[in-house]
Amino acid sequence: MEAKTKISARSLNLYYGENHALKDISLDLYEHKITAFIGPSGCGKSTFLKTLNRMNDLVAGVKIDGTVLLDEEDIYDPQVDTTLLRKKIGMVFQQPNPFPMSIYDNVAYGPRIHGAKNKARLDEIVESSLRGAALWDEVSDRLRKPALGLSGGQQQRLCIARALAVEPEVLLMDEPTSALDPISTLKIEDLMDDLKSRYTVAIVTHNMQQAARIADYTAFFLVGEVVEYAATDELFTVPRDKRTEDYITGRFG
Ligand SMILES: Nc1ncnc2c1ncn2[C@@H]1O[C@H](COP(=O)(O)OP(=O)(O)OP(=O)(O)O)[C@@H](O)[C@H]1O
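Residues numbered from 1 in each chain as written. Predicted model: local features only at pLDDT ≥ 70, side-chain atom pairs only at ≥ 80, totals over all residues.

> Kindly report on the sheet that holds strand E4 (residues 62-70), identifying the contributing residues and their values.
Reading across the sheet, the four strands line up as E2-E1-E4-E5 and stay open at both edges, with antiparallel pairing between neighbours. The sheet is open, and its two borders are formed by strand E2 (19-30) and strand E5 (73-74), each paired with just one other strand. Pairing geometry for strand E1 (residues 5-16) and E2, over eight bridges, is antiparallel. Counted as the bridge partner of Ser8 is Asp28 from E2. (Pairing = 2+ DSSP bridges. Helix = DSSP H or I, 4+ residues; strand = E, 2+ residues; numbered from the N terminus.)

> Before we move on, can you summarise the site of the ligand with the specific residues and values?
Around the ligand, 13 residues are found, and the nearest of them are Tyr16, Ser41, Lys45, Ser46 and Thr47. At the level of elements, E2 and helix H1 (45-51) are the ones that each hand at least two residues to the shell around the ligand. Top element by residues in the shell around the ligand is H1. It accounts for three residues. Across the shell around the ligand, the residue classes break down as four nonpolar, eight polar and one charged. (Near = placed C-beta within 6 Å. Nonpolar A, V, L, I, M, F, W, Y, C, P; charged D, E, K, R; others polar.)

Have a look at this one:
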């Protein structure tokens, strides 16, 4: 059965001043699937990821045209509340960035901003989010300790828990393991496989093996364009475009 489209970008162009960083991108993300964006440095992967929850709105001098639909609603409609949009479409960054507060308060932060006050309810959200991020067993006895005392890999899973706590529908991950050691990386890759049963996931990665291991679909970006977008197996075994083939066989980038 064809997977359901969750996010649909259509003829998306983005300019940083004179720099035409995304060129006419049309690409769908499917519900409960992991989609990876690969390509050489500077080709627009992160920029594209950030257009999906309007993080680029925060950059001065950006111009965007085209559409991005979330469940068929245009996220660039001026009526859209970007705080609510980013609650639905959460993001995890390259460097783990826990807030300088306790583990508990990191996870409770988003729900509190969105109005959750009840202690028992917050306890529940914190536990289920930490479980969802495969971190609960490691931190359940030290929830009141500073988050910055955790290892890098634990901090990144905490950031995932923090993103899950506001009950998103989509998770955007910008090179979430590039600052981590191989064991922490594997833990996050295993975790992503669990996450996709509940969320739609998009991940930017420099690491082609990682894309091949975890992603259902992969898009290959080159200087602001999507050269090829296909099921991951297909893209890595029978690339249709010579440029994709050159990239995945290590001939450039
Ligand atoms: N905030 C910004 N202001 C101006 N130009 C930017 C900004 N962010 C990115 N760019 C430019 O947009 C282009 C795409 O950058 P982007 O970071 O999206 O690429 P990338 O594929 O994610 O690269 P990397 O793999 O190195 O992170 C580059 O030319 C970059 O210099």
